[in-house]
Amino acid sequence: MKKERSSFTSRLGFVLAAAGSAVGLGNLWRFPYLAAKYGGGTFLLVYIILAITFGFTLMIAEIAIGRNTRLSCIGAYRKLDQRFGFLGWLASLVPVIITPYYCVIGGWVVKYLVEFVTGNGLQAAGDSYFASFTAAQLPGVFNSPVIWFVLYVLLNAVVVLFGVEKGIEKVSRVMMPVLVILSIVIAGYSLTIPGAMDGLKYYLLPRMEDFSIFTVLAAMGQLFYSMSLAMGIMITYGSYMQKDNILEHSVTQIEVFDTGFALLAGLMIIPAMVAFSGGDTALVRESAGAGLMFGVLPKVFESMMFGGVIGTIFFLLVLLAALTSSISLTETIVSILVDKLHIGRKPATVGVLLGVLLLGLLSCLGYGPLSAIQPLGMAFLDFFDFISNSILMPIVAFLTCILVGHVVGPKFIIDEVETSGAFHRKKLFVVMIRWIAPVMLLMILGTEILKFLGVISV
Ligand code: TRP
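About the criteria used
Residues numbered from 1 in each chain as written. Predicted model: local features only at pLDDT ≥ 70, side-chain atom pairs only at ≥ 80, totals over all residues. Heavy atoms only, no water. Helix = DSSP H or I, 4+ residues; strand = E, 2+ residues; numbered from the N terminus. Expected span 1.5 Å × (residues − 1). Bend = angle between axes of the 7 residues up to and from the residue. Buried < 20%, exposed > 50% of the residue type's maximum accessible area, 1.4 Å probe, protein only. Contact = heavy atoms within 4.5 Å. 1 Å grid on protein atoms, 1.4 Å probe; cavity = no way out; pocket = protein on both sides within 12 Å on 5 of 7 lines; lining within 4 Å. Points joined across faces, edges and corners; volume = space filled by probe spheres on them. Nonpolar A, V, L, I, M, F, W, Y, C, P; charged D, E, K, R; others polar. Axes fitted to C-alpha atoms, helices over the stretch in contact; angles between N-to-C directions. Parallel < 35°, antiparallel > 145°, perpendicular 65-115°, else oblique. Left-handed = near helix turned anticlockwise from the far one by under 90°. Phe/Tyr/Trp six-rings, centres within 6.5 Å; stacked < 30°, edge-to-face > 60°. Near = heavy atom within 4 Å. Polar contact = N/O pair within 3.5 Å; in protein donor to acceptor, adjacent residues only side chain to side chain. Areas by Shrake-Rupley, 256 points an atom, 1.4 Å probe, with all protein chains shown as cover. Core = buried A, V, L, I, M, F, W, Y, C linked by side-chain atoms within 4.5 Å. Salt bridge = Lys/Arg side-chain N within 4 Å of Asp/Glu carboxyl O.

J.: Would you take a moment to explain helix α16 (residues 345–365) for this structure?
T.: Quick reminder: α-helices carry 3.6 residues per turn. Residues three or four places apart thus point the same way. For α16, spanning 21 residues, the distance from its first C-alpha to its last is 30 Å, which sits close to the expected 30 Å at 1.5 Å a residue. At Leu359, α16 is bent by approximately 25 degrees, the largest bend along its length. Within α16 the residues assigned to the buried category are Ala348, Thr349, Val352, Leu353, Val356, Gly360, Ser363, Cys364 and Leu365. Buried residues in α16 make contact with α5 (85–117), α6 (129–134), α7 (145–161), α15 (307–341) and α17 (380–407).

This is the structure we're talking about:
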């Protein structure tokens, strides 16, 4: 039984849709803090190298699988090989883990937006504000992170339940360029802060001594996260792609756009952070964490002319970028439930949202009231981030490489790519998917497990 699958109507349409879902908190919130933590320029170099080798290989494979099978990930893996059906389920688990904590961070964004709208934004630039807020230590109901998390989930719910995501996506498509321009302005201003030049050096110049396997690990996890790889999403996008779309071009465009956005976010935040810490990069590495964007940017706005207004616009745009991503994350889970459990869309959506609320609550309270519970020694949010990015995604990526490289064979992907145009990086693709990528992924997973067991330390 074959249902007619709708397609993206234009080539640009595909790229914009894929890039729109790829660009989100991963670029703005996650990338800068990881780059600051893992050696600035060293991280940047590793990230870019991985993006054009690893990221390219995995993304083109996933999109080609989707376009060939015309199925979303659970069915697609099974169609390629019966024995790999479980891989679709494993990949689908990733959005289930990510979505709840994504909404917690979305809630932080709403809170900062409201602070700026009500003229308190510059107060939020205080040193301990972020820590006190996320630890639920600020007095008053409206200072509880739970309220903002719930509000964000409701916003997300309204969009998904009423099916207005097309509207949101149109708005955000128009607003994205505004976010790029505003980010360039903010980055330009950041660089004028006394001491920022040292920060720029830290961010752009690689230093050998900063390199370790953990840099690679963090960069790879971030790559998967930011480009929505190793979680079945790109397979689904590929299944909607038209046959005449030149695959290699589209992949390159998505990669350039997504990486460019991340680099820009780092440029706004890292030099300013180094400047604020008096040029002490050791301190920067130590203190960089989930709160980086929220801690540094209000300080930048504080010293800017019209900082209150710029902060308001900025957080509004970040909210839009986050919403488009969390909407498609929610949709992914909903469509799996609808397909596999044969339940209606409404009950599935309500179920997913309740699950998000419940699981998200753990992440939301993990820095405060629940901080006594530390799975694997981490706060809940960091724990969920770690399990999905450092464990599940490398496993899914590894098995995908084995499936494509050794079970169905790279020719399957090459043929699909070549139905619509040339495959210039074919050799690179074959070597990567068969040998380099799986070996690296195994090394990385091994390191991760040894770290866990306490055999090695960071
Ligand atoms: N890539 C998105 C970001 O950078 C986050 C994300 C992960 C995502 N998986 C996704 C978005 C699936 C949409 C669909 O923020």
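J.: Hey, could you run me through the layout of surface pockets in this one?
T.: The gaps left among the atoms become clear once a water-sized probe is rolled over them. Approximately 730 Å³ is the volume attributed to the second largest pocket. Lining the second largest pocket are 32 residues, with Leu34, Lys37, Tyr38, Phe386 and Lys451 sitting closest to its centre. Classifying every residue of the lining of the second largest pocket gives 14 nonpolar, 9 polar and 9 charged.

J.: Sorry if this is basic, but what is going on with the packing of helix α2 (residues 25–37) against helix α3 (residues 41–69) here?
T.: A packed helix pair is summarised by two numbers, namely the angle formed by the two axes and the spacing between the axes. Interhelical geometry of α2 versus α3 gives an angle of 125 degrees and a closest axis separation of 7 Å. As judged from the angle between their axes, α2 and α3 are oblique. Along the contact surface, α2 presents Phe31, Leu34 and Ala35, while α3 presents Phe43, Leu44 and Tyr47. By residue class, the composition of the contact of α2 with α3 is 6 nonpolar, no polar and no charged.

J.: Whenever I open this one, the packing of α3 against helix α10 (residues 213–226) confuses me. Can you help?
T.: Look at α3 against α10: their axes get within 9 Å of each other, and the N-to-C directions meet at 50 degrees. In terms of orientation, α3 lies oblique with respect to α10. The element α3 and its partner α10 pack so that their crossing is right-handed. In this structure, α3 contributes Thr42, Phe43, Val46, Tyr47, Leu50, Ala51, Phe54, Gly55 and Leu58 to the contact, and α10 contributes Thr215, Val216, Ala218, Ala219, Met220, Gln222, Leu223, Phe224 and Ser226. Its residues assigned to classes, the contact of α3 with α10 comprises 13 nonpolar, 5 polar and no charged.

J.: What exactly am I supposed to notice about empty space enclosed by the protein here?
T.: The final tally for this structure, using the stated rule, is 1 cavity of 30 Å³ or more. By volume, the largest cavity amounts to about 30 Å³. Every residue along the wall of the largest cavity is listed here: Leu217, Met220, Gly221, Phe224, Asn389, Ser390, Pro394 and Ile444. Looking at the lining of the largest cavity, the elements that each hand over two or more residues are α10 and α17. Ranked by residue count, the leading element in the lining of the largest cavity is α10, at 4 residues. Here the lining of the largest cavity is built from residues that sort into 5 nonpolar, 3 polar and no charged.

J.: Just to check I follow, could you spell out the packing of aromatic side chains for this structure?
T.: Two aromatic rings, taken as a pair, are described by how far apart their centres are and by the angle between their planes. This structure, assessed with the given rule, holds 26 aromatic pairs. Ring geometry for Phe31 versus Tyr47: centroids 5.2 Å apart, planes at 75 degrees, classification edge-to-face. Here Phe31, found in helix α2, pairs with Tyr47, found in helix α3; they are 16 residues apart in sequence, far enough to count as distant. Each member of the pair, Phe31 together with Tyr47, is buried.

J.: In this structure, what is going on with the site of the ligand? I would like to understand it.
T.: Surveying the vicinity of the ligand reveals 15 residues, the closest of which are Ala22, Gly26, Tyr102, Tyr225 and Ser226. A distance of 3.2 Å separates an oxygen atom of the ligand from a polar side-chain atom of Asn27. Contact between the ligand and Tyr225: a nitrogen atom at 2.9 Å from a main-chain N or O atom of the residue. The protein chains hide 100% of the 360 Å² of surface that the ligand would expose on its own. Of all the elements in the fold, those that place two or more residues in the shell around the ligand are α1 (11–22), α2, α10 and α15. Residues belonging to the shell around the ligand are distributed by class as follows: 7 nonpolar, 8 polar and no charged.

J.: Teacher, can you tell me more about the nonpolar core here?
T.: Across soluble globular proteins, you tend to see nonpolar side chains buried next to one another. With 159 residues, the main nonpolar core has Trp29, Ile186, Phe224, Phe294, Phe314 and Phe315 as its most contacted residues. Looking at this core, the element that brings in the most residues is α5, giving 16 residues. The residues contacting Phe224, other than those within four sequence positions of it, are Phe54, Leu58, Leu229, Ala230, Met231, Met393, Pro394, Ala397 and Leu441.

J.: Got a minute to help me understand the environment of Ile449 in this structure?
T.: Counting through the fold element by element, Ile449 comes out in helix α19 (residues 426–452). On the basis of relative accessibility, which here comes to 42%, the residue Ile449 falls in the partly exposed class. Placed 58 residues apart in sequence, Ile449 and Ile391 show a C-alpha to C-alpha distance of 8.9 Å.

J.: Mind showing me how you'd approach the side chain of Ser363 here?
T.: Relative to the elements of secondary structure, Ser363 occurs in helix α16. By relative accessible area, Ser363 is classed as buried at 0%. In contact with Ser363, other than residues within four places in its own chain, are Tyr101, Val104, Phe380, Leu381 and Phe384.

J.: When you look at unusual backbone geometry in this model, what are you seeing that I'm missing?
T.: Backbone geometry follows two general trends: most residues other than glycine have a negative phi, and most peptide bonds adopt the trans configuration. Despite not being glycine, Arg70 shows a phi value in the positive range, around 60 degrees. When you line up the elements, Arg70 lands in the loop between α3 and α4 (73–80). With a phi close to 60 degrees, Ala230 is a non-glycine residue in the positive phi region. Relative to the elements of secondary structure, Ala230 occurs in the loop between α10 and α11 (233–239).

J.: Would you explain the pattern of salt bridges in this entry?
T.: Where side chains of opposite charge bring their charged atoms close, a pairing between them can arise. On inspection of all chains with the given rule, the structure shows 12 salt bridges. For Glu115, the salt bridge goes to Lys111, with nearest N and O atoms at 3.3 Å. In this pair, Glu115 and Lys111 both sit in helix α5, 4 residues apart, roughly one turn of the helix. In this structure, Glu115 and Lys111 share a single accessibility class: buried. Across the pair Asp210 and Arg285 runs a salt bridge, and its minimum N-O distance is 2.7 Å. Taken together, the positions of Asp210 in the loop between α9 (196–204) and α10 and Arg285 in helix α13 (residues 281–287) put the pair 75 residues apart, joining distant regions of the chain. The class for Asp210 is buried, based on a relative accessible area of 14%.

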